[in-house]
Amino acid sequence: MNSSSGEGRHDDDSALTEFLASLMDYTPTIPDELVEHYLSRSGFHCPDLRLTRLVAVAAQKFISEVASDALQYVQSFQFLAFFCSIELRIMHCKARPAPPVKDKSKQPKDKRLVLTMEDLSKALHKHGVNLKHQEYFADSPLTGMDPSSREE
Amino acid sequence: MSDGGRESGTDNQTSSKKSKVSGGDEFGRAIAKIAVTQICGSTGFHSSHHSALDALTDVAIRYISDLGKAANFYANLSGRTSSNVFDVIQGLEDLGLPQGFSGASDVYRCLASSGVVQEICQFVSTSVEVPFSRPVPRFPIARTPKQIPSFAHVGEAPAGNHIPDWLPAFPDPHTYIRTPVWNERATDPRADKIEQARQRRKAERSLLSLQQRLACNATAGFMPAIAGDAGKGKQIVTNNPFLTPPLPHGEKEVSEIVMPNEDADEKKLSVLETFAPAIEAAKRESFPSLISEERVLPSERPHFKFGIHKKSIVVPLSSETRNAKMDSWFLRDDEKDDKKRRAEMILKGAMENPQELAQL
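On a predicted model such as this, the values are computed, not experimentally measured, just so you know.

Asker: How should I be thinking about the overall build of chain A in this particular structure?
Answerer: Counting its regular elements, chain A contains 5 helices and 1 strand. About 9900 Å² of surface is accessible on chain A, with carbon and sulfur atoms providing 56% of the total.

Asker: When you look at the interface of chain A and chain B in this model, what are you seeing that I'm missing?
Answerer: Interfaces are frequently sized by the accessible area removed from exposure as the parts join. Every contact between the two is made by 63 residues of chain A and, on the other side, 67 residues of chain B. In this assembly, chain A packs against chain B so that about 5600 Å² is buried in total across both faces, 73% of it on carbon and sulfur atoms. Ranking the residues of chain A by area buried against chain B places T29, Y38 and L115 of chain A at the top, with a combined share of 12%. For the pair chain A and chain B, the interface holds 3 salt bridges. In this structure, E36 of chain A and R138 of chain B form a salt bridge, with 3.1 Å as the shortest nitrogen-oxygen distance. On the surface where chain A and chain B come into contact, there are 14 residue pairs in polar contact (both at pLDDT 80 or more). For the side of chain A that touches chain B, the secondary-structure elements that each account for two or more residues are α1 (2–23), α2 (32–41), α3 (49–95), β1 (114–115) and α4 (117–126) of chain A. Looking at the side of chain A that touches chain B element by element, the count peaks at 17 residues for α3 of chain A.

Asker: I keep staring at the pattern of salt bridges and nothing clicks. Help me out?
Answerer: Any two side chains of opposite charge can pair, given that their charged atoms come close. Considering all chains together, one arrives at 12 salt bridges over all chains under this definition. With its nearest N and O atoms 3.3 Å apart, the salt bridge here joins R50 of chain A to D48 of chain A. By relative accessible area, which is 28% here, D48 of chain A ends up partly exposed. Among the salt bridges present, the one from D338 of chain B reaches R342 of chain B, with a minimum N-O distance of 2.8 Å. Pair noted here: D338 of chain B and R342 of chain B are both in helix α11 (residues 338–352), with a separation of 4 residues, about one helical turn. The structure contains a network of salt bridges with shared partners spanning K61 and E65 of chain A together with E119 of chain B.

Asker: Sorry if this is basic, but what is going on with helix α3 (residues 50–77) of chain B here?
Answerer: One turn of an α-helix holds 3.6 residues; hence residues three or four places apart share an orientation. Taking 1.5 Å per residue as the helical rise, α3 of chain B with its 28 residues ought to reach 40 Å, and the 40 Å between its terminal C-alpha atoms agrees with that figure. Taken from the residues just after α3 of chain B, G79 of chain B is the one with a positive phi, measuring 85°.

Asker: I would appreciate a short explanation of a positive patch on the surface in the present structure.
Answerer: The grouping of R200, R201, K202, R205 and K339 of chain B at the surface amounts to a positive patch. Mapped onto the elements of the fold, K202 of chain B is located in helix α7 (residues 189–216).

Asker: Explain helix α2 (residues 26–43) of chain B here, please?
Answerer: With 18 residues, α2 of chain B extends 26 Å from end C-alpha to end C-alpha; this agrees with the ideal 26 Å at 1.5 Å per step. Among the residues of α2 of chain B, those classed as buried are G28, I31, A32, A35, V36, T37, Q38, I39 and C40 of chain B. Of the surrounding secondary structure, the elements contacted by the buried residues of α2 of chain B are α2, α3 and β1 of chain A together with α3 of chain B. In the stretch just after α2 of chain B, G44 of chain B is the one whose phi turns positive, near 140°.

Calculation notes
Residues numbered from 1 in each chain as written. Chains lettered and ligands numbered in written order. Predicted model: local features only at pLDDT ≥ 70, side-chain atom pairs only at ≥ 80, totals over all residues. Heavy atoms only, no water. Helix = DSSP H or I, 4+ residues; strand = E, 2+ residues; numbered from the N terminus. Areas by Shrake-Rupley, 256 points an atom, 1.4 Å probe, with all protein chains shown as cover. Contact = heavy atoms within 4.5 Å. Buried area = accessible area lost by both parts, 1.4 Å probe. Salt bridge = Lys/Arg side-chain N within 4 Å of Asp/Glu carboxyl O. Polar contact = N/O pair within 3.5 Å; in protein donor to acceptor, adjacent residues only side chain to side chain. Buried < 20%, exposed > 50% of the residue type's maximum accessible area, 1.4 Å probe, protein only. Expected span 1.5 Å × (residues − 1). Patch = residues over 30% accessible without salt bridge, like charges linked within 9 Å, V, L, I, M, F, W, Y side chains within 5 Å. Lys, Arg positive; Asp, Glu negative; His and termini not counted. Charge placed at Lys NZ, Arg CZ, Asp CG, Glu CD.

This is how it looks when you write it as C-alpha cells:
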C-alpha cells in the first residue's frame, strides 16, 4: 500500500507542479502587484511568483462565483417578471377578441443586467459573507416624523 | 460596465466615511475595484451600483488578506517563516470550508490532490482569460528615510569611550540647551529722547508736505461736505463727516445744478483756486485763530473737472485768495490737538483721493 500511495502521491505532486507551471501562462485578472501588496501586508512571505499567481487565481475564482450567483438571481427575477407579463398579456388576449400587438422583441435579454446590493448580499450569504446594506439614508434624524413633533 | 442606478442618501457623509475607513490604501483599493469590475463584466453583468462594487472590492481584498494570513499561520505552525504551496492549499481549504469541496471529510487526505486545487484547475481551464486592463506599477513605493550621520561621518569624537563612532551623532547643543540672548548695546536715555524728538519732528514735516501736495494737486478734490452742515442750526460734533445724518429734502436751499457747456473758452474753476484760502491756512498753520469766523460759501456750485490725467506734483501754490474767511473749513473741534487735526485732514484727503496717493 505504501508503494501505491507513494506512486499516487508522485502523480499528485507532478500534477500540482504541472498546474503551477501552467499558471505562469495564464494571466489572472487581478494583477500580481496588487496581490503581492496585500499578501505582504498580512505577513505572507514567499518569493515564488507561482504562489502569488495561485492566490490571484483563487481570489478571481471566488469573485466570479459570487458574481455568477448574483447574476442567476437577477436573471431568475427577470424571467419571473417576463413570464408574469406574458401571462397577463395572454389573459388580456382572451378577454378581448381583437389580437393585441405581440411584441416578441421584448425579451429579458434586452434588459440590462445590473448588479445591485440585494442580489450581491444574497449571493455572498451563500458563500458565508454577511452583507447588510441600508435601504436609504435620511437627511436628518427628524425626517419622516410627524410635523407636530418635528417643530421642537 | 456603467453606472446602473442612483443611490439616495448623503453622498458627502458616505464618501467621508469611506475615506476614514480605507485609511490611506486608496491606490490598492482603486486597482482592486477595477479588477473586480472586470470580473463582473466578464461574468455577464452590463452595469452595477457603486455600493455593490465597493462591497465586492472589500470582499476581494479581505479574501486575499485572509488567505495570506492563513498561509502564514500554517507556515509558522510548521516552524518556517516563508510559506510554501502546501501552506497556501491549507489556507484555501480553510476559506473554502463553508462552501465545501470534494474530499473535505477525508482525514488523511493528501494536499497535492486536494479538492480546492482541482477546482482551481477546472476554473483555469474553463474560464476566459481576461488580463488586467492597465499596467500596474510596483507599489507601495518605499522611500529611504534620511539617515542621521554617524560620529565618523560628521568628524566628531564621541563623548565617551563607551560610544563607538559608527553610531549616529548627538544633536547640536543649541537644540536642547537654552542660552539667553542679551542686548549688547549700551543704552543712553538722553540720546534716546533726543532721537525720539527728532523722529517726531521728521514725521510732522513729512505729514505737512503730504498735505500740501494733496491740496495743490489740480485733479478732482472732493472735500467732505463740511460746508453742508454750516447752514443748519444743529451742529453735530463728530469726527467723521460721512457719518452725519443726511439732510431732509428741502431743509437747505441749494443752488440748481447747471450743466457745464463744453465750451473751452469758459473759465472753469479749478480746485486750486477754490480752496486756495484753505491752502493758505495750512501753510500758515494758524488754525486756532480761525474758529470764530464764519464759513462762507460761493453762491453757485463750482464745477470741477474730474480729470484722470496725471499732473505734475511740483506746482507752485497760488497766492491769490478768494476770501480769508474760508480758512475755517478745516475746523470742526477746537479741543483737538493741533497735530491730530492736521493728521486727520491729511488722512481724509488721502482716503478720498487714491489717485494722488498713486502719484505720490
